[in-house]
Amino acid sequence: MTQRSLKRPNIMPRTTPEFWYRANSAAPSVEEILLAPFGTLYQFAHRIKLKRTQTAAVPIPVICVGNLSVGGSGKTPTCIALNALIKKHKLFKNPYFLTRGYGGHETGPRRITVHDDANAVGDEPLLLLKHSNTIISRDRYDGACHAHDLDADCILMDDGLQNMSLKKDISFIVVNGKMGFGNGKTLPSGPLREPLDFALPRIDGVILIGEDERNIQQQLPADLPVFKASIQPDADHALDTAQAYFAFCGLGYPKKFYDTLRAMDLNIVDHQSFPDHHSYDHDDLDRLRTRAAQNNATLITTEKDYVRVPDAFRKEVTTLPVHLALHDESEMLTFLTGKLGALKEQ
């Protein structure tokens, strides 16, 4: 079990500041400079928390898929892709997803079902559940123990790199090539949860999604494996390039969703962004429906947002189904089997 420790200051903004992802060549903004002392405070609290937290292990492998930046980098699609790879090559018989259930009010630990609501268990767990059994737990160690009690033989942990209560056997970070590590600063002056040099010793591999537009690989050790991937629309999607769409989402970096839609040559007539993990109510959807009707458009959102749309409106909203595609699946398979083989020899 974990020892409760110092709580970090709650300085996470509800929307992503533009200066977090300024161009590498651009000068720091006034806000970035003024917030820098708070970033130092955040780092100090984070380091103390890590030192005070007791780490415990479970008898089955734990694969963590985390990131260094707040907001959506693609952790959930990556977890789903790794789960598919594990099942395809029969590395494990009964992998379980483990997630905090961010955005839901339940603390767990418990295995969720298709009858659960996003307001209770969070949105990402409901997406994971479509692919494998899923445990939500604020306490990751308790959640891992619960998965083990339910005969899980492997745990894929969605997020939790900065949570030290549970020992990880393999730790990945997911990095979006367009976002990178932003301005390289920690919260709230930048998007990082912890400094890069502090986190790198705990990381076994990097999954780079999209083109490396911010020279990410130059900031990483030469011997750290980098696996390239891309987020791709599902081949069987029913979206029509002749149809007008009104897009909306509640993501940490909403521009990524809108850019993906436009890259598919969809006609996006307008869009509306909400805070990350926003819980949509009837008033939200009434307003969105009115704005879409004014443009003779269909509402479109992410699969993650869709599970937070009130049931009464779901027939009026379409989604963009996506998946993560590893550019070299055999490379990842070799890496995983090597790491897992080493664990068995210990």
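Owing to the predicted nature of the structure, the values given are computational and were not obtained by experimental measurement.

Reading the values: rules and limits
- Residues numbered from 1 in each chain as written.
- Predicted model: local features only at pLDDT ≥ 70, side-chain atom pairs only at ≥ 80, totals over all residues.
- Heavy atoms only, no water.
- Helix = DSSP H or I, 4+ residues; strand = E, 2+ residues; numbered from the N terminus.
- Buried < 20%, exposed > 50% of the residue type's maximum accessible area, 1.4 Å probe, protein only.
- Pairing = 2+ DSSP bridges.
- Arc of directions from axis to C-beta.
- Contact = heavy atoms within 4.5 Å.
- Salt bridge = Lys/Arg side-chain N within 4 Å of Asp/Glu carboxyl O.
- Axes fitted to C-alpha atoms, helices over the stretch in contact; angles between N-to-C directions.

K.L.:
What is the right way to look at unusual backbone geometry in this model?
P.N.:
Note: most residues except glycine have negative phi, and most peptide bonds are trans. Across the junction of G108 and P109, the peptide omega takes the value 5°, indicating a cis bond. Looking at the element boundaries, P109 is found in the loop between β2 (95–99) and β3 (110–111). For K90, which is not a glycine, the phi torsion comes out positive at approximately 55°. For N296, which is not glycine, the phi torsion reads 50° and is therefore positive. Within the secondary structure, N296 is located in the loop between α8 (282–294) and β11 (298–302).

K.L.:
Where do I start with the pairing of strand β7 (residues 205–209) in this structure?
P.N.:
As a general feature of sheets, a regular strand has side chains that alternate between the two faces. Of all five residues in β7, five are buried, a share of seventy percent or more. Bridge analysis of strand β6 (residues 170–176) against β7 gives five bridges, and the strand direction is parallel. Each bridged residue has a counterpart across the sheet, and for V174 the counterpart in β7 is I207.

K.L.:
When you look at helix α7 (residues 255–263) in this model, what are you seeing that I'm missing?
P.N.:
Given 3.6 residues per helical turn, the α-helix brings residues three or four places apart onto the same face. Taken as a whole, α7 has its buried residues at F257, Y258 and L261. Across the axial projection of α7, the buried residues extend over an arc of 95°, all falling on one side. Against β9 (244–249), β10 (267–273), β11 and β12 (317–320) lie the buried residues of α7. Positive backbone phi, approximately 65°, marks D265, located one or two places after α7.

K.L.:
Where do I start with the environment of G71 in this structure?
P.N.:
If you trace the backbone, G71 turns up in the loop between β1 (62–66) and α2 (75–88). Excluding anything up to four places from it in sequence, G71 contacts G252 and D276.

K.L.:
So what exactly am I meant to see when it comes to the sheet that holds β6 here?
P.N.:
In sheet architecture, strand pairing relies on hydrogen bonds along the backbone and comes in two forms, parallel and antiparallel. What the nine strands build is an open sheet, ordered β3-β4-β2-β5-β1-β6-β7-β8-β13; its pairing is mixed. Both outer strands of the open sheet, β3 and β13 (322–326), are each paired with one neighbouring strand and no more. Taken together, the two bridges between β3 and strand β4 (residues 134–136) define a ladder with antiparallel strand orientation. Looking at the pairing, R111 lines up with I135 of β4.

K.L.:
What exactly am I supposed to notice about the pattern of salt bridges here?
P.N.:
Oppositely charged side chains may form a pair once their charged atoms are brought near each other. For the structure shown, the criterion picks out 19 salt bridges. Here D116 and R110 are joined by a salt bridge, their closest N and O atoms 2.6 Å apart. Residue class for D116 comes out buried when judged on its relative accessible area of 18%. Judged by relative accessible area, R110 falls into the partly exposed class, the value being 23%. A salt bridge links D159 to R193; its shortest N-O distance comes to 2.9 Å.

K.L.:
Mind showing me how you'd approach the sheet that holds β11 here?
P.N.:
Judged by pairing direction, the sheet is parallel, and its four strands sit side by side in the order β10-β9-β11-β12 without closing on themselves. At either end of the open sheet lies a strand with only one pairing partner, and these are β10 and β12. In this sheet, adjacent strand axes meet at a mean angle of 35° when their direction is disregarded. Pairing analysis gives four bridges linking β11 to β12, with the strands arranged parallel. Among the inter-strand pairings, L299 is bridged to a residue of β12, identified as V317. Contacts from α7 reach β9, β10, β11 and β12 within the one sheet, and its direction differs from that of β9 by about 160°.

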